[in-house]
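The residues making up each chain are set out below.
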Amino acid sequence: MEPLSQIEVEHVRGSFDRVWAESRRLSDLFYARLFETAPEVRPLFRGDLDEQKQKFLGTLAVIVGSLENAAVLMPAAASLARQHVGYGVEPGHYPVVGEALLWSLERCLGAGWTPETAAAWQRAYAAVTAHMVASAYS
Ligand code: HEM
């Protein structure tokens, strides 16, 4: 996959900055959507879901902030993915999570969810998670 362009990185970062003020709503929407579309993953979440929401958002913010810094991003993403194997996460769960994430970003951003922003998020999520799956399952 081609590396993300500067413009794509700006679309992802700019839109994430704009939802940050309502990131609580973003994470509520995300987990609700995930458990609706993939109820089979619900039992994998054994800890406190409010804490999980904060951890997920915090890590997502770090990933978004280091999209241009592959030397930092890729090892961190790989280690996160290996940790996820222990939670019972399977490769096929990554696209489902991506769909729920993009769906909730779209709900939060409204008119700010332009086709360019959507395409940039799709590429960014695909690039990071392809690396995660390759590092953790092969
Ligand atoms: C880019 C993608 C993802 C990010 C940034 C992410 C982030 C995180 C973080 C930060 C944690 C907490 C780890 C800790 O406690 O130290 C976590 C836990 C977890 N994640 Fe993810 N995750 C991602 C993808 C997924 C996917 C695809 C699944 C599949 C369902 C998943 C399911 C879980 C589960 C089950 C836990 C453990 C929750 C618990 O202990 O209750 N994650 N994730």
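What you see is a predicted model; the values in this text were computed from it and never measured. (Residues numbered from 1 in each chain as written. Predicted model: local features only at pLDDT ≥ 70, side-chain atom pairs only at ≥ 80, totals over all residues. Heavy atoms only, no water.)

Chemist: Let's hear about the pattern of salt bridges: which residues, and what values?
Modeler: This structure, assessed with the given rule, holds eight salt bridges. Residue Asp 28 is joined to Arg 24 by a salt bridge in which the shortest nitrogen-to-oxygen separation is 3.1 Å. Taken together, the residues span about one helical turn, with Asp 28 and Arg 24 both in helix α2 (residues 23-37) at a distance of four residues. Linking Lys 53 and Asp 28 is a salt bridge whose minimum nitrogen-to-oxygen distance equals 2.8 Å. Placement of Lys 53 in helix α3 (residues 49-65) and of Asp 28 in helix α2 is noted, with a sequence separation of 25 residues between them. For Lys 53, a relative accessible area of 11% translates into the label buried. On the basis of relative accessible area, Asp 28 is assigned to the partly exposed category, the value being 30%. Through salt bridges that share partners, Arg 24, Asp 28, Asp 50 and Lys 53 make up one connected network. (Salt bridge = Lys/Arg side-chain N within 4 Å of Asp/Glu carboxyl O. Helix = DSSP H or I, 4+ residues; strand = E, 2+ residues; numbered from the N terminus. Buried < 20%, exposed > 50% of the residue type's maximum accessible area, 1.4 Å probe, protein only.)

Chemist: Give me the lowdown on the UniProt feature "domain: Globin" (unreviewed entry) in the protein, citing residues and values where you can.
Modeler: The sites that carry the UniProt feature "domain: Globin" (unreviewed entry) are, in the present numbering, residues 3-137. Counted over residues 3-137, helix gives 77% and strand 0%. Its end C-alpha atoms are 22 Å apart. (UniProt positions renumbered as here; feature names shortened; annotations may be inferred.)

Chemist: Account for helix α4 (residues 70-86), with residues named and values stated.
Modeler: Taking 1.5 Å per residue as the helical rise, α4 with its 17 residues ought to reach 24 Å, and the 25 Å between its terminal C-alpha atoms agrees with that figure. Among all positions in α4, only Leu 73, Ala 77, Ala 78 and Ala 81 are buried. The buried residues of α4 occupy an angular sector of 125° when projected down its axis, which confines them to one face. Within α4, the exposed residues directed more than 90 degrees away from the buried face are Ala 71 and Gly 86. Those residues of α4 that are buried are in contact with α3, α5 (93-109) and α6 (115-137). Just downstream of α4, Gly 88 is the residue with a positive phi angle, here 90°. (Expected span 1.5 Å × (residues − 1). Arc of directions from axis to C-beta. Contact = heavy atoms within 4.5 Å.)

Chemist: An account of the nonpolar core is requested, with residue identities and associated values reported.
Modeler: Membership of the largest hydrophobic core comes to 36 residues, with the highest contact counts inside it found for Leu 34, Leu 101 and Trp 121. Of all elements in the fold, only α1 (6-20), α2, α3, α4, α5 and α6 reach the threshold of two or more residues within this core. With eight residues, α6 is the single largest residue contributor to this core. (Core = buried A, V, L, I, M, F, W, Y, C linked by side-chain atoms within 4.5 Å.)

Chemist: Describe the site of the ligand, with residues and values.
Modeler: Within the structure, the ligand sits among 19 residues, and Arg 46, Gly 47, Lys 55, Thr 59 and His 84 are positioned closest to it. In this structure, Gln 52 approaches the ligand through a side-chain N or O atom, which is 3.4 Å from a nitrogen atom. Take Gln 83: an N or O atom from its side chain is 3.2 Å from an oxygen atom of the ligand. Broken down by secondary-structure element, the contributors of at least two residues to the shell around the ligand are α3, α4 and α5. Sort the elements by how many residues they give to the shell around the ligand and α3 lands first, with five residues. (Near = heavy atom within 4 Å. Polar contact = N/O pair within 3.5 Å; in protein donor to acceptor, adjacent residues only side chain to side chain.)

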